[in-house]
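Remarks on the overall topology
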Amino acid sequence: MSADKSHTATTHEHPQLGFLRKYVFSDDHKVIGIQFLFTGIIMLFVGGILALGVRIQLGWPQSEIPIIGKWLWPGSLGHKMPPETYNMLFSMHASVMIFFVIIPLLTGAFGNFTIPLMIGAPDMAFPKLNMMSYWFMWPALAVMLSSFFVGGGAAAAGWTSYPTLANIAFTSPNSGTGQMLWLIGLLFVGVSSMMGSVNYVTTIINMRALGMTLFRMPMTIWAMFITAILQAMALPVLTVTLILQLLDKTLGTNFFLPNALPGGGGVQIGNYMTTPGGGQPLLWQHLFWFYSHPAVYIMILPAMGMVSDIISTFARKPLFGYRPMVYSIAGIAGLGFIVWGHHMFQSGMDPRLGTGFMIATIMIALPSAVKTFNWLGTVWGSNTQYTTPMLFALAFVAMFVIGGLSGIFMAATPVDVAIHDTYFIVAHLHYVLFMSSMMGIFGAIYFWFPKMFGRMMNETWGKVHFFLTFVFANGVFFPMHVIGVALHPRRYYDPTQFEFVQPLQPLNVFMSVCALCLGVTQLIFLTNFAISLFGGKKSGINPWHSNTLEWTAPSPPPHGNFLEPPIVYRGPYEYNSPEARDKDYLPQTEPPTPGVSVAHGH
Amino acid sequence: MQKFWASVFGVVLLACFLLFAGSYFYAPWWLPLNVCSFGPEVDHLFYLICGFTGFFYVLTLTVLVVGMWRFGHQAGRKATYTHGSHKLELVWTAVPSLILLFIAFAQVNAWSNIKYQSRMPKPDQVFEVTARMWEWRFRYPAADQLATMKAAWKEGGQIPDVAKSWFDNGHMDDINLANEVHTWKGAKVRFMLHSRDVIHSFFLPNMRIKQDAMPGKSISVWFDAEEANCHMDGDKVVVDADKRWELACAELCGARHSMMRGRVCVHESKDAYLKWLDTAAKATHATRP
């Protein structure tokens, strides 16, 4: 044992590194996590601006776009947004938010930052691989962002890039170079994520501190662990899918190009005809959703984990039903692999398959419900401190209830016939992705900011940010349920073209106004973040009086994290434990007091 | 200040609930009028899910808001020290799973009635739809052709050869039209859906039917209309002003996706339909040598 200890001590004495190795090409998991965090926040604003473009067009279709319209679009278009641009905006909004904001923030930023710290390891299992995982984001970013400036503009076939719209350059100017760059960009993101997930799984299995058994791991770590496994299993399918479309577009293969013309011709766009090749667009949908449905859970499970930790900390109460919480995350991940077909109920897939996918999909609401009930059980009987991270975490729970319940409507195949591809799905996915995942991310930023930078974020402005975000975000996304029930189709450039959609225009205007306010609100966050970085109050080691291991390391932790390798004596949620006499928390590293029996050793 | 955040949550969540429930009472913000015979089943299931989800919305969020109200931080108070309850876990696993299973199996019949080929009724009206960027092309059979197909069709059976051959090949006496659905009141419609270029989706909001048009696939679809909405004024079809039902595209298909609009004309009777078919035939074939 003693030999072991001295070994760990020597390997983690880090020599003083130059600026470049310390802050730029660093293999320290915390620096990499923070790099992912900054990249994600910058991209959040890019994606947000794209969304505002979408909302401006929907609120005031057929009108001149103020100020920027003058120099973006020529007078021949009346300074109005062309439909191709609108399609590009929502396609890239989704692609940026999913692949450059939510996934990198959840797994890249918080996965990296929390995993070694919360399991008591000095770093990731493969620090160099970790560094590579971040630096593979850069070609992805360069390719994606440059695609806005190529001829025809960035991809505009939806983030799902269904063939044949995305496959054939003649369908839209954006389906040429823009689409190609989209595919290449995502390939890079995929490589980055894959390196990350392999690293996370290995680290969590092999590098836990002494005493950190699997069932003493905080929920954040469980969620990151299961998410990483999910990602490692699903990503290869996406990679293959992207490569197949790339081959179709470059080498003239026909994986997704069907024989659609009578007599066996290919497809016809104007005067252009493809050669018959017998491919199937449905094949793309199956492959794409086989990755992208698990990806939906990749985008929520880590937030669920982090929210569980935040809630327990500020409720000053043990997490209710720790094991059921773990099992339900595993349940969601497992079922998540057999529900991809629910995106394709109306696609022409055999309707009998639809029945099976429906039952699996509706049942996935069960583990989600169990999680919700356990969060409520944690809040009930608590002694809750309404800090900014806690407010975001509670908002996560409330909004996830709405997002979860609305999911049942679309899982039910006959109801889906009506509401498929209407605003109902747009409402649902934003309640899960923005209202839940993003709230979780905001909460996590406020929660771990002191550990990342050694300073606190301003609480008052944090609460202002929370209040306005909560109100305006509901103002943007809740009315989408209503226009969805009125069957307003999604991805419509000009909703006023249809008579049954016209009466919904006042709601569209309302949502657009809320969206603009929501956008402006985020500047409060940005300012608070930037100012607190340099001028925030010093946080000390454990500002929230939390139990988990990262709060025993200095703030910010040095390279190698812990001054002494931590030893774990109990689970992470011992708040208000009778065992702790003088305080209302009991850190995982605190040795048991002699004579007091350990009631909940997990 | 402790109760403030519970109130914020309460007010916002209540406002959301009221907006959704309230729009039920304002027709243009709710499900459009349904005229299809399987539509009531769809709407019924929608309301069933509304009921269950509405109940759980109120239940869970009330617990949350009341919990936030009651259990705000007070110095000196201790939170309940508990790690959970097996009994509660069992209850809130078992009860929702029964409800979810019920909801899931309640859908099966309606879904098969809408989409299973074997359950589709024997048609009265047959046509072919080909979607392309950005229009819907309709091909209607001449009256005698329609009669031949109907005669060969068996209840619940496969598509007869004569209909298959009609679907696959254009005929000289077919009536070709763009962006107009024509049928008559009570007629069971069966059509074959194609696409020549990208994926489109055939969506009749008032008939609760949606089906993607997948290039390379022939997809058979059915619906009917239990209300008429038009009459003939000389050679012209006049649609009632308050029943202007629309055909929309529901799958992103490029720049003019939101302009891929068609109109639906449900004639009063088969005779009225045949009368229209006659005038339409004259108009389309007039230019033919």
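The structure presented is a predicted model; accordingly, all values stated were derived computationally and were not measured.

This part takes up the overall build of chain B. Scanning chain B from N- to C-terminus turns up six helices and 12 strands. Reported as C-alpha extents along the three principal axes, the dimensions of chain B are approximately 95 × 40 × 35 Å. Within the span of chain B, comprising 289 residues, buried residues form 44% of the whole.

The next thing to look at is the overall build of chain A. Helix and strand counts for chain A come out as 19 helices and two strands. For chain A, the C-alpha radius of gyration of 25 Å lies close to 25 Å, the compact-globule estimate for 602 residues. Each principal axis of the C-alpha distribution contributes one length, and for chain A these read about 85 × 50 × 50 Å. Here chain A holds 602 residues, and 61% of them are scored as buried. Long-range pairs, those at least 24 residues apart, make up 79% of the contacts in chain A with a sequence separation of at least 6.

Residue and element names in this part refer to chain A. With an omega of 5 degrees, the peptide bond between Pro163 and Thr164 qualifies as cis. Its place among the elements puts Thr164 in the loop between helix H7 (137-146) and helix H8 (177-206). Here Ser555 and Pro556 are connected by a cis peptide whose omega angle stands at -15 degrees. With respect to the helices, strands and loops of the structure, Pro556 is situated in the segment after helix H19 (505-535).

Attention shifts here to H19(A). Residues and elements named next belong to chain A. Counted at 1.5 Å a residue, the expected span for H19 with its 31 residues is 45 Å, and the 45 Å between its end C-alpha atoms agrees. Residues of H19 that are buried: Leu507, Asn508, Met511, Cys514, Ala515, Leu518, Phe525, Asn528, Phe529 and Ser532. Looking at the buried positions of H19, the neighbouring elements they touch are helix H3 (29-59), helix H17 (423-453) and helix H18 (459-485).

Let's shift gears to the environment of B:His257. With respect to the helices and strands, the residue B:His257 is situated in the loop between strand S11 (246-249) and strand S12 (262-267). Look at B:His257 and you get buried, because 27 C-beta atoms sit within 10 Å. In this structure the C-alpha to C-alpha distance between B:His257 and B:Trp134, which are 123 residues apart in sequence, comes to 6.9 Å. Other than its neighbours up to four places away in sequence, B:His257 contacts A:Arg491, A:Tyr492, A:Tyr493, B:Trp134, B:Cys249 and B:Leu252.

All names here are of chain B. Ordered in space as S4-S12-S11-S6-S7, the five strands form an open sheet in which the pairing is mixed. With one partner strand each, in any of the chains shown, strand S4 (180-184) and strand S7 (209-213) form the two edges of the open sheet. Sheet twist, expressed as the average angle between the axes of neighbouring strands with direction ignored, equals 25 degrees. When strand S6 (residues 200-204) meets S11, the two strands line up antiparallel, connected through two bridges. Bridge pairing in S11 places Phe203 opposite Ala248. In this fold helix H6 (residues 270-285) packs onto S4 and S12, with an angle of close to 140 degrees to the strand it touches most, S4.

Residues and elements named next belong to chain B. In space, the five strands of this open sheet follow the order S3-S2-S1-S5-S8, with mixed pairing throughout. Each of the sheet's edge strands pairs with one partner strand only, and the pair in question is strand S3 (175-178) and strand S8 (219-224). Shown here is a sheet whose adjacent strand axes are inclined to one another by a mean of 25 degrees, direction ignored. Both strand S5 (residues 188-195) and S8 contribute to a ladder of six bridges, which runs antiparallel. Note on S8: the bridge partner recorded for Arg190 is Trp222. Contacts from H6 reach strand S2 (135-140) and S3, with the element oriented near 90 degrees to S3.

Each partner contributes to the interface: chain B provides 89 residues, whereas chain A provides 98 residues. Elements with a minimum of two residues in the side of chain B that touches chain A: helix H1 (2-23), helix H2 (39-70), helix H3 (86-115), S6, S7 and S11 of chain B. Split into classes, the residues belonging to the side of chain B that touches chain A amount to 52 nonpolar, 21 polar and 16 charged.

A:Met299, A:Leu301, A:Ile329, A:Phe396, A:Ala398 and A:Ala412 are the most contacted members of the largest nonpolar core, which has 284 residues in total. In terms of residue count, helix H5 (residues 83-119) of chain A provides more of this core than any other element does, 22 residues in total.

All names here are of chain A. Put simply, helix H11 (residues 301-315) and helix H14 (residues 365-379) touch, their axes get as near as 9 Å, and they point 15 degrees apart. Between H11 and H14, the interaxial angle falls into the category roughly parallel. For the pair H11 and H14, the sense of crossing is left-handed. For the pair H11 and H14, contact is made by Met304, Ile311, Ser312 and Ala315 and by Lys371, Trp375, Thr378 and Val379, respectively. For the contact of H11 with H14, the residue count by class is five nonpolar, two polar and one charged.

This brings us to the environment of A:Gly75. Residue and element names in this part refer to chain A. Along the chain, Gly75 falls in the loop between helix H4 (68-72) and H5. Accessibility expressed as a C-beta count within 10 Å gives 7 for Gly75, which makes it exposed. Taking C-alpha positions, Gly75 is 69 Å from Arg570, a pair spaced 495 residues apart along the chain.

Before going further, it helps to examine the packing of H11(A) against H17(A). Residues and elements named next belong to chain A. For the pair H11 and H17, the least separation of the axes is 9 Å and the interaxial angle reads 50 degrees. Comparing their axes, H17 and H11 come out oblique. By crossing handedness, the relation of H11 to H17 is classed as left-handed. Along its contact with H11, which presents Ala303, Met306, Val307 and Ile310, the element H17 presents Ser436, Ser437, Gly440, Ile441, Gly443, Ala444 and Phe447. For the contact of H11 with H17, a count of residues per class yields seven nonpolar, four polar and no charged.

What follows is about the environment of A:Asp248. Residue placement: A:Asp248 occurs in helix H9 (residues 219-250). Sequence separation between A:Asp248 and A:Ile168 is 80 residues, and the spatial gap between their C-alpha atoms is 8.7 Å.

We now examine the confidence of the model for chain B. Residues and elements named next belong to chain B. Of the residues in chain B, 99% reach a pLDDT of 70 or more, and the chain-wide mean stands at 93. Across chain B, the element-wise mean pLDDT spans from 90 in H6 up to 97 in S6. In the predicted complex, the global pTM is 0.94; the interface-specific ipTM is 0.95.

For chain A, the average pLDDT comes to 92, and 96% of its residues sit at 70 or higher. Predicted confidence for residues 1-11 of chain A stays below pLDDT 50, and this span has two contacts to residues more than four positions away or in other chains.

Time to look at the pairing of S12(B). Residue and element names in this part refer to chain B. Most of S12 is tucked away: five of the six residues are buried. Here S4 pairs with S12 via five bridges, running parallel. If you follow Val181 over to S12, its bridge partner there is Val264. Alignment of S11 against S12, held across two bridges, turns out to be antiparallel. Looking at S12, one finds that Leu247 is bridged to Gly262.

About the thresholds
Residues numbered from 1 in each chain as written. Chains lettered and ligands numbered in written order. Predicted model: local features only at pLDDT ≥ 70, side-chain atom pairs only at ≥ 80, totals over all residues. Helix = DSSP H or I, 4+ residues; strand = E, 2+ residues; numbered from the N terminus. Buried ≥ 20, exposed ≤ 12 C-beta atoms within 10 Å, placed from the backbone. Rg over C-alpha atoms; globule rule 2.2 N^0.38 Å. Contact = placed C-beta atoms within 7 Å. Expected span 1.5 Å × (residues − 1). Pairing = 2+ DSSP bridges. Axes fitted to C-alpha atoms, helices over the stretch in contact; angles between N-to-C directions. Nonpolar A, V, L, I, M, F, W, Y, C, P; charged D, E, K, R; others polar. Core = buried A, V, L, I, M, F, W, Y, C linked by C-beta atoms within 7 Å. Parallel < 35°, antiparallel > 145°, perpendicular 65-115°, else oblique. Left-handed = near helix turned anticlockwise from the far one by under 90°. pLDDT = per-residue confidence, 0-100.

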